[in-house]
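# Working through the structure, step by step
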Amino acid sequence: MWDLLITDIAGGGAIAVAGERIAWTGPAASVPERATEVWSAGGRVVTPGLVDCHTHLVFGGDRSGEWEQRLAGAGYEAIAAAGGGIAATVRATRAASEDDLLDSAVARAAAMAARGVTTVEVKSGYGLDLDTELRMLRVARRIPERVPVDVVTTFLGAHVVPPEFEGDPDGYLDLVCGEVLPAVAAEGLADAVDAFCERMAFDAARLDRLLATATGLGLGVKLHADQLSDGDGAALAARHGALSADHLEHTSPGGVAALAAAGTVAVLLPGAAYVLGDETVPPVDALRAAGVPMAVATDCNPGTSPLVSLPLALHLACTRFGLTVAEALAGATTHAARALGLAGEAGVIAPGARADLVVWDADHPAQIVYWVGLDPVAAVLKRGHFVEEA
Ligand code: DI6
Ligand code: FE
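Here is a short report on the structure shown in this document. (Residues numbered from 1 in each chain as written. Chains lettered and ligands numbered in written order. Predicted model: local features only at pLDDT ≥ 70, side-chain atom pairs only at ≥ 80, totals over all residues. Heavy atoms only, no water.)

Now for unusual backbone geometry. At Leu128, a position not held by glycine, the phi torsion is positive, near 60°. One can find Leu128 in the loop between strand 7 (117-123) and helix 5 (130-142). Within the chain, Asp226 stands out as a residue other than glycine whose phi angle is a positive 60°. With respect to the element layout, Asp226 can be found in the loop between strand 10 (220-225) and helix 8 (233-239). A relative accessible area of 1% means that Asp226 is categorised as buried. (Helix = DSSP H or I, 4+ residues; strand = E, 2+ residues; numbered from the N terminus. Buried < 20%, exposed > 50% of the residue type's maximum accessible area, 1.4 Å probe, protein only.)

Okay, here's the thing in structure tokens:
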């Protein structure tokens with residue numbers, strides 16, 4: 001006897017749930033077992049719960065003033081060089097208490113969940129010292145106490161060089177590799193390690209040893225690669241067997257081939273390109289031709305992507321990057337789960353996977369992606385329980 005049977009799904013399917021897991025899926029006309037509760041989707045579309053596989057949603061302060069400066073013509077890298085940008089968020093995050101960081105992160109995570117997200121990745125990287133990096137990751141791990149999402153955490157200690165180490169990136173990476181990352185690993189606070197491979201942050205040669213240290217500790221590897229310039233980030237990620245290489249606006253054909261050979265997921269972040277006004281588009285045709293799985297995420301962060309709607313990120317991935325609707329939806333489900341090492345566990349409707357589902361006010365999948373700002377969520381099932389119902 002199953003706990004729940006969802007019937008009358010668009011297309012004629014049904015899904016059975018036992019405990020926190022999907023037990024069966026097939027045609028509604030041939031259900032092999034009974035369930036305690038039967039719930040009709042009323043002919044609407046049901047997808048896996050969405051997976052946002054790249055966010056920076058824990059941070060202190062606000063950068064709307066910088067955004068206004070950019071509207072008036074200031075450049076993103078120029079603001080950073082003058083002490084703003086990521087460094088401004090680092091100051092605000094260091095000054096924030098754990099409770100304040102949790103409250104603001106919970107507000108953003110709740111907005112994401114209301115728009116269909118049931119699994120979210122959260123990065124550190126606005127602490128850049130031992131205490132604040134650990135605090136950010138602890139806050140991230142506490143989000144599920146207040147929002148119905150699973151959280152995957154990523155240590156982004158190598159985001160930029162902090163002010164105490166100005167002009168000494170190697171000295172800072174000594175601290176990250178020798179002290180901060182081992183402490184993060186010892187407390188079990190991170191599932192993966194990420195870094196910002198960029199001319200304003202760290203070059204590929206320097207990040208080699210960080211990524212090797214991460215894999216040596218048994219952690220997955222991800223990389224902010226080739227976002228503002230081609231820094232050989234995709235090839236670096238591939239060399240370390242990365243779960244994902246993210247951004248990729250400036251990735252070369254050689255970088256695409258390396259990702260394909262390594263089985264690394266390409267994570268596309270159209271919100272950042274949109275907010276920065278960057279017309280450069282990632283090499284989507286080449287990624288598709290090479291068979292690189294493409295995920296799509298919000299990159300929610302206070303500097304380049306103040307975006308909490310994953311459906312809107314999917315819309316932008318279609319209109320600006322040229323994905324099809326089917327590619328966009330796979331990019332926020334199956335491929336996003338793979339980018340987090342959760343293939344088969346999340347982002348899929350199949351026996352054994354977490355029973356994370358979204359019922360949409362839609363009778364065709366395109367309606368999920370087509371609207372700008374509607375995010376037509378009708379109901380969400382998280383680990384077998386309804387959490388939102390319209
Ligand atoms: N992700 C990042 O980590 C950087 N850009 C991006 O898309 C910087 C984020 C920030 O400015 O705070
Ligand atoms: Fe990012």
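This part takes up the packing of aromatic side chains. Each aromatic ring pair is characterised by the separation of its centres together with the angle its planes make. In this structure the tally under the stated criterion is six aromatic pairs. Aromatic pair Phe59 and Tyr126: ring centres 6.4 Å apart, planes at 75°, arrangement edge-to-face. Here Phe59, found in the loop between strand 6 (50-52) and helix 1 (64-71), pairs with Tyr126, found in the loop between strand 7 and helix 5; they are 67 residues apart in sequence, far enough to count as distant. Across this residue pair, the class does not change: Phe59 and Tyr126 are buried. On the numbers, 5.3 Å between centres and 65° between planes, the contact of Tyr370 with Trp371 is edge-to-face. Residue classification places Tyr370 among the exposed residues on the basis of a relative accessible area of 55%. In textbook terms, an aromatic cluster arises when at least three aromatic residues are bridged by ring pairs, as seen for Phe165, Tyr172 and Phe202. In this arrangement the basic side chain of Arg108 is found over the ring face of Phe59, its NZ or CZ atom lying 3.7 Å from the centre. (Phe/Tyr/Trp six-rings, centres within 6.5 Å; stacked < 30°, edge-to-face > 60°. Lys NZ or Arg CZ within 6 Å of the ring centre and 35° of its normal.)

We now examine the site of ligand 1. Residues in contact with ligand 1 amount to 14 residues; listed here are only the nearest, Arg63, Tyr76, Tyr126, His159 and Asp299. Contact distances for ligand 1 include 3.4 Å between an oxygen atom and a side-chain N or O atom of His56. Side-chain polar atom of Tyr126 to an oxygen atom of ligand 1: 2.6 Å apart, as the coordinates give it. Look at ligand 1: alone it shows 320 Å² of surface, and the protein chains cover 100% of it. Among the residues forming the shell around ligand 1, the class breakdown is four nonpolar, eight polar and two charged. (Near = heavy atom within 4 Å. Polar contact = N/O pair within 3.5 Å; in protein donor to acceptor, adjacent residues only side chain to side chain. Areas by Shrake-Rupley, 256 points an atom, 1.4 Å probe, with all protein chains shown as cover. Nonpolar A, V, L, I, M, F, W, Y, C, P; charged D, E, K, R; others polar.)

As a further point, take the pairing of strand 8 (residues 150-158). For a regular strand, the rule is simple: side chains alternate between the two faces of the sheet. Summarising burial for strand 8: nine of the nine residues are buried, a large majority. The pairing of strand 7 with strand 8 spans five bridges and is classified as parallel. The partner of Glu121 across the bridge, within strand 8, is Val152. In terms of handedness, the path from strand 8 via helix 6 (residues 169-186) over to strand 9 (residues 192-197) forms a crossover that is right-handed. (Pairing = 2+ DSSP bridges. Right-handed = clockwise from strand over helix to strand, strands pointing away.)

Turning to helix 9 (residues 253-262), its buried residues number three or more, namely Gly255, Val256 and Leu259. Mapping the buried residues of helix 9 onto a view down its axis gives an arc of 100°, with all of them on the same face. What points out from helix 9, more than 90 degrees from its buried face, is the exposed set Pro253 and Ala261. Packed against the buried residues of helix 9 are helix 8, strand 11 (244-247) and helix 11 (284-290). Directly beyond the C-terminal end of helix 9, a positive phi value near 70° is found at Gly263. (Arc of directions from axis to C-beta. Contact = heavy atoms within 4.5 Å.)

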